[in-house]
Amino acid sequence: MTKKRRIPRLLQLVLVVLGIYLGFVLTFDVILGQVIPKSLLTMYMFFVIAGVLMVFTFTEESAQELIGPIKALVEDPSKKMVRNVVFVIVPLLAGVYTYASLMPSFEAPVELRTIHPAPPSSVKAFGKRFDLATLENPYRKFEKEDPDKFHKLVKQGGEIYIQNCQYCHGDRLDGKGPYAAGLNPTPLNFQDVGTIAQLQESFVFWRIATGGPGLPAEAAPWISSMPIWQDFLSEDEIWKVILFLYEYTGRQPRSWEHE
Amino acid sequence: MQKRNSRIILGALFIAVFALFLLPSLIPGFDASLALADETAVTSDVDTVADANAVTYAPAPKLTAADYPSIPGVNSRVVVWLAAQLHLWFGAFVLAVPIFVFIIEAIGMATRDQRYDNMAYEFIKVSITAYSLTAILGGLLAFSLILFYPDLFTYLSTIFKGSMFAYALLFFAESAVLYIYYYGWHWLQGGFKKWVHLTLGLLLNATGAMLMFLANAWTTFMMSPAGVDAAGVFGGDTWAAIHNFLWNPLNIHRMIANVAYGGSIVGAYAAFKFLSARSKEQRAHYDWMGYNANFIAIAALLPLPFAGYYLTAEMYAYSQQMGITLMGGVFAWIFIIQAVLIGALFLSANYYLWCGLGRSEGAHRYTPYMKYLAVVIVGAFLVWFTPHTLVLTNAELKSLGGPYHAILGPLGIMPAKNTAVNLLILFTFLSFMFYRRANKTATVSWAATGNAFQIALFTAGIINIFILGIYYGYFTNTVYKVAASIPQVMTTLVIIITSVVIDVFMYKGAKEVAPLHWGRSRVSARSQYALFLLAVSFTWLMGLMGYVRSGIRQHWHVINIFRDNSPDAFTPGLGYAANVISVGTIIFMSMVIFVFWLSTISSRKSTTAGYWKEQGT
């Protein structure tokens, strides 16, 4: 009976890790067409390696089998040649990696921007002060009380949106308006589940009314191109646009009340 | 002599019970609440007299930088920060240990297995030294607050004077009960005496819990003030100030977290003793102790994410500003670190269990399955820490057409995380189930049916968790998104409880396939380091999240009421804050190792031949 040849544990480990790495790149970058950010991939791979090491070392036999070749490489006199080669290649690889990481580039540094900065407790707009903790959309009640009126308001909001907002945020509210490509950060995609669906209407009101210049200090780097809409729209018009944003995207504003 | 000791115990019990009953009378609000039933009987004359005697309180002071004393070369914020954090770490540990010591002692009494009693005693022994360190650090915190933030301390103590006095008295009561509980352990053994001892344990826990609840009230008052008006003028109702919006959510979260934390620290103690053990018996004992400590830590860790989610949801409900600062704003990246550390906790707890399979030859049947558990656990962990705000290079930004990632974006918000953490918990539980079955085979006739039912239960439950997470999480109103987490939790709990019940009956009288060898050489040192990792991760995590909880007040001592105008009023950078917490963690772990070391020298004896003068007979 011939003994079934097994791939050595150490090689198995390397192949599993490489396979998962390539799996991530292939799935995201090629199949789905959405690149996986390098920063996130690094974090993912760190814990994938931790998980793989856990599986490969939780039994004593497996751990010994894994460490065996490494121990032999360091201790076995017959492996002198391989040892010397490895001891040259590993520091060289580390050097190349360090050089590549530290080499100056012309690319702008990565900026960690807070997409949803915390709102202030109250905000000054239209010459008065609004308490954001209690502020509500005055038209939201018509959704139940008078649906016809509500739809009219939404329609009016839609018209205001098309006249003022779609140039950047797009006619499908996906943040891909005609001017969007020229802006950084790009305009907000309201269809995304992580944007207006996560927010109360008072937050959206604050962002529209005071625009980019109204962002708090923590939202740095302050580079938003959002205009101060209280200079161009009335308070009523802003509330109507907000109705439209939620209605068109099929999202519900964040609220603590059950329907 | 015995009669005298009984009197001492009765006296201590009396003082402790007296302190517990005295507490309500020291808090004016308690009087008001208790007197509610008699309110109708109170005449208007009495009201008039009460009004005349009513104390008027000053509004929250408006301070300037000059109102904060300073010592050259000392950063007052860091001093108070570290003193508070170290006090809290030790406090959490010493409050937690009596909870599970009480349970282990009761198990020992029920099973009449003395090993449990010995282990419970060893646990409380470790906490005794930590108890004095807690008190010392509490004193340091109080002194630093009075010294560096006198106006804040005065303002808080004006509102909470009754509860602060009660706290001091309760501390005496707790110390008295703790010392009798510990020093009387071997004396109060057998029959009625053991019941007295167990009752002392209960009393110790009651006083400990009340101490924590009172301190929690002061903390949560600063985050969600109640019983004061917009200018900070106290209305006189202390109960209203104590029972503020975030008090109970924090009480629940801290209570569960303390048990998990306490378990992890005694687990580290067991690992320390295991690694330094010189005999087979010692290795076996500390291996068993480590296993139990890890079990306690995991048992409390499983419901902890839900308690944390409840606390956070309540913070959001109390203030949108605080909620967004916490999760989406300036602290969002600390939440990612938190997610990573929680994942590390789950990974190390699972690894310890998998390594534990080496204790029995019977476990070989299950080792091939562990890799599948690992796939789910690591996969769920990756979703758990995927950030909402991605760090993108310009090339990536251009390639994606904006900062929104169609696939990773939805993984960055809570419904995905809730689904992931439920899976993480369920599969950790599965690891435990495999471990439990390692050396046994069920002999009941319905074993196959029982297993099939468990598989069906897990499958149906996981499908339910996915439906709740995906449908309610992404396609409904936010209120349902948040609410859907409750049936998700319930599903997880139903699976766990039902499986445990089935297993208990199925493995009654089960056949032992191979014996369980505690402390054998196949129990690797690696598994013990996993226990250390658990303790360090817990400590670091508590520090970071404690900072976030406190930091979301930003430039306020008491949010929106009492402004912080000290030179340190700014919110520090994340790196700076993480460094302070990391230094705190190192100081704490050094102190803990010192406590462990003390436990080893207490039993050591040196030969002193020729040193002492021979005594003539």
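Rules behind the numbers
Residues numbered from 1 in each chain as written. Chains lettered and ligands numbered in written order. Predicted model: local features only at pLDDT ≥ 70, side-chain atom pairs only at ≥ 80, totals over all residues. Helix = DSSP H or I, 4+ residues; strand = E, 2+ residues; numbered from the N terminus. Rg over C-alpha atoms; globule rule 2.2 N^0.38 Å. Contact = placed C-beta atoms within 7 Å. Buried ≥ 20, exposed ≤ 12 C-beta atoms within 10 Å, placed from the backbone. Axes fitted to C-alpha atoms, helices over the stretch in contact; angles between N-to-C directions. Parallel < 35°, antiparallel > 145°, perpendicular 65-115°, else oblique. Left-handed = near helix turned anticlockwise from the far one by under 90°. Nonpolar A, V, L, I, M, F, W, Y, C, P; charged D, E, K, R; others polar. Domains from an automatic or database assignment. Pairing = 2+ DSSP bridges. pLDDT = per-residue confidence, 0-100.

### Focus: the overall build of chain A
Across its full length, chain A carries nine helices and two strands. Scanning chain A from its N terminus toward the C terminus, one meets helices and strands in the order α-α-α-α-β-β-α-α-α-α-α. Against the compact-globule benchmark of 18 Å for 259 residues, chain A has a radius of gyration of 28 Å, which places it well outside the compact range. Seen through its C-alpha atoms, chain A measures out along the principal axes to roughly 85 × 50 × 35 Å.

### Thoughts on the interface of chain A and chain B
The interface is formed by 52 residues belonging to chain A together with 53 residues belonging to chain B. Elements with a contribution of two residues or more to the side of chain A that touches chain B: helix 2 (38–57) and helix 3 (60–75) of chain A.

### Here we look at unusual backbone geometry
Despite not being glycine, A:Leu173 shows a phi value in the positive range, around 60°. Examined against the element boundaries, A:Leu173 turns out to sit in the loop between helix 7 (166–169) and helix 8 (201–210). When the 24 C-beta atoms within 10 Å are taken as the criterion, A:Leu173 is described as buried. The residue B:Asn560 is not glycine, and still its phi comes out positive at about 65°. Here B:Asn560 shows up in the loop between strand 3 (556–558) and strand 4 (562–563).

### Section: the packing of helix 4 (residues 76–111) of chain B against helix 21 (residues 525–551) of chain B
Residue and element names in this part refer to chain B. Contact pair helix 4 / helix 21: the axes reach a minimum separation of 11 Å and the direction vectors enclose 130°. Classified by the interaxial angle, the pair formed by helix 4 and helix 21 is oblique. Here helix 4 runs over helix 21; the crossing is right-handed. Contacts between helix 4 and helix 21 involve Gln85, Leu88, Trp89 and Ala92 on the former and, on the latter, Thr539, Met542, Gly543 and Gly546. Looking at the contact of helix 4 with helix 21 residue by residue, the classes come out as four nonpolar, four polar and no charged.

### Regarding the domain arrangement of chain A
Along its sequence, chain A is carved into domain 1 (9–102) and domain 2 (122–249). Relative placement of domain 1 of chain A and domain 2 of chain A: their C-alpha centres are 48 Å apart.

### Digging into the environment of B:Glu281
Mapped onto the elements of the fold, B:Glu281 is located in helix 11 (residues 280–301). For the pair formed by B:Glu281 and B:Asn292, sequence separation is 11 residues and the distance between their alpha carbons is 17 Å.

### Description of the pairing of strand 2 (residues 128–131) of chain A
The sheet contact formed by strand 1 (residues 122–125) of chain A and strand 2 of chain A spans four bridges and is antiparallel. Along strand 2 of chain A, the bridge assignment pairs A:Val123 with A:Phe130.

### Structural notes on the confidence of the model for chain A
Interpretation of the predicted coordinates at a detailed level should be avoided for regions scoring low in pLDDT. The predicted model of chain A averages 88 in pLDDT, with 93% of residues at 70 or higher. Summarising per-element confidence for chain A, the mean pLDDT is lowest in strand 1 of chain A (89) and highest in helix 6 (residues 147–164) of chain A (96).

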